[in-house]
Amino acid sequence: MSDNLSLSLSLSLSLSLSLSLSLSLSLSLRYLQGNRISVLPRGVFCSRPLSSILDLSNNQITTIEEAICDNLFNLTEIDLSSNPFVCDCKLFRLVSWLQERGVRVRHPENMLCVQPPDLRHQPLLNVSLLTCGLNYAACLEDSDHSGGGSELVIFSSSTPGNFSREECNSVCYGASQRYGGLGARRECLCSTNYEPNRISEAQCSAACTKPHVMKECGWTLAHDVFVVDFAASLPPFPPVSVHSSAHLSILSSVTPVTLSWDFGDLSPRVNATETVDMTMRHKYAVPGHYPVSVTAWAGPKEVCARREVRVTLPPRLELHCPPLTVANQSLAVRLVSWGGEGVAVDWRITKDGQEAARGQNTDTHTHTHTT
């Protein structure tokens, strides 16, 4: 059988990936294109070195582990075109490996990113340095164990931009990542740390106890590393009077979210789907204390927050002035507020159609003026 015989001609597409790869190795075939391959397991090329040309084009591969390349000693040419790549740090390290060894990349213009959205349709070779120019790691204090200690977090993806911690938390949560952090250019870094990292299993695992190891292992220290979470809370609401709009707001660590508001007055719930607007307005018809609750969803997770709002009667103002006053003596004017809170008063005194005095008072019921 010829070395150049395509695997797609010798195997049915219905065969499993493991069988396809096993046969390709045993027959020393070079081509794996067009076989709907989505995952390349670690060690798949370990049984024997492949030929100098490897064709993985027209498959469903989204990422390739760096360790896949460890046994490809004879590789001189590779074709990865027409795969739906997720352009993260894993692929950047693969591209770096290919460039370091001078491997010729076929059809680089067709090695396009599908994710993340801001890199969609961009050639992988063009965006790699921008996406993941540095290898980031950080040490996170371990609060799960009474003995303390730190966990080494090695970041596997980087999203360019000028992110805040809150914005990065949303990005990492949406990507189902466990940890987040900020890079030197305030890019958003994400990591799962679920699978053991092959580097951290060696001498680099001491990076959290020996700071010089972090540098020796080629890592740049990430800033503000954190555990990705989804939490929501309602800040205290100021009192509001009947028939005035109550301004309600929720604080969420993730956006966008789907919200469902319950105002506690038997009115219908109000829902907002995939929103970044965390505020809501509502009018109450009767004074009292109302338990406001809001349920928030982001992905599969649901959180709920509660807070009480106090509704008062609308203010009723009475102005008390003396029927008679004497020139050059103090004039006492009293303003009485019934049911209002935090009343601000603008006052003005006129004489013979001309303004004699004016001013402003907050929470003041009596004003004295000499005229």
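You'll find the structure just up there.
Conventions we followed
The numbers attached to residues start from 1 for each chain and follow its sequence in the written order. Restriction of local features to residues with pLDDT of at least 70 applies here, the model being predicted, together with a cutoff of 80 or more for giving and counting side-chain atom pairs; totals for whole chains, interfaces and linings are based on all residues. Side-chain descriptors were evaluated using all non-hydrogen atoms of the structure, hydrogens and water having been removed beforehand. Note on conventions: DSSP H or I runs of at least 4 residues are helices, E runs of at least 2 residues are strands, and numbering of each starts at the N terminus. Here a residue-residue contact requires only that any non-hydrogen atoms of the pair lie within 4.5 Å. Methods summary: accessible areas were calculated by the Shrake-Rupley approach with a probe of 1.4 Å, and residue burial reflects only the protein chains presented. One requirement defines pairing of two strands: DSSP has to find at least two bridges between them. Axes here mean lines fitted to C-alpha atoms, for a helix over just the part in contact, with angles spanning 0 to 180 degrees between N-to-C directions. Working definition of a nonpolar core: buried Ala, Val, Leu, Ile, Met, Phe, Trp, Tyr and Cys residues. They are joined through side-chain atoms within 4.5 Å. Accessible area is worked out with a 1.4 Å probe on protein chains only. A residue is then buried under 20% of its type maximum, exposed over 50%, and partly exposed in between.

(A) Focus on the overall build of the protein chain. From N to C terminus, the protein chain includes six helices and 26 strands. Long-range contacts, defined as pairs at least 24 residues apart, comprise 56% of the intrachain contacts of the protein chain with a sequence gap of at least 6. Total accessible area on the protein chain is roughly 20,700 Å²; 52% of this is exposed by carbon and sulfur atoms.

(B) Expanded view of the environment of D346. With respect to the element layout, D346 can be found in strand β24 (residues 344-351). The sequence separation of D346 and G359 amounts to 13 residues, and the corresponding C-alpha distance is 6.0 Å. With residues up to four places along the chain from it excluded, the contact list for D346 reads G359 and Q360.

(C) Summary view of the sheet that holds strand β10 (residues 188-191). Here four strands make up an open sheet; going across it, the order is β8-β10-β9-β12 and the pairing antiparallel. The outermost strands of the open sheet, each flanked by one partner alone, are β8 (157-159) and β12 (223-227). Here the average twist between neighbouring strands, direction ignored, is 20°. As paired strands, β8 and β10 are joined by three bridges and run antiparallel to one another. Paired with T159 across the two strands is C188, which belongs to β10. Each of β8, β9 (179-182), β10 and β12 is contacted by helix α5 (residues 165-174), which is oriented at about 40° to β10, the strand it contacts most.

(D) Molecular detail of the nonpolar core. Counting residues in each nonpolar core, the largest one holds 35 residues, and the members touching the most others are F230, L234, I250, L259, W261, Y284 and V292. Elements that contribute at least two residues to this core include exactly α5, β10, β15 (245-249), β17 (257-262), β20 (288-298) and β21 (301-312). Per-element accounting of this core gives the leading share, five residues, to β20. Non-local contacts of L234, meaning those with residues more than four positions away in its chain, are made with S249, I250, W261, V292, V294, A305, R306 and R307. Formed by 22 residues, the second largest nonpolar core is a distinct cluster that contains I78, F85, V95 and C113.

(E) Structural context of the pairing of β21. With two bridges connecting them, strand β14 (residues 240-241) and β21 associate as parallel partners. Note that in β21 the partner of V240 across the bridge is V311. Linkage of β20 to β21, two consecutive antiparallel strands, is achieved through a turn of two residues, within which G299 is found at a positive phi near 65°.

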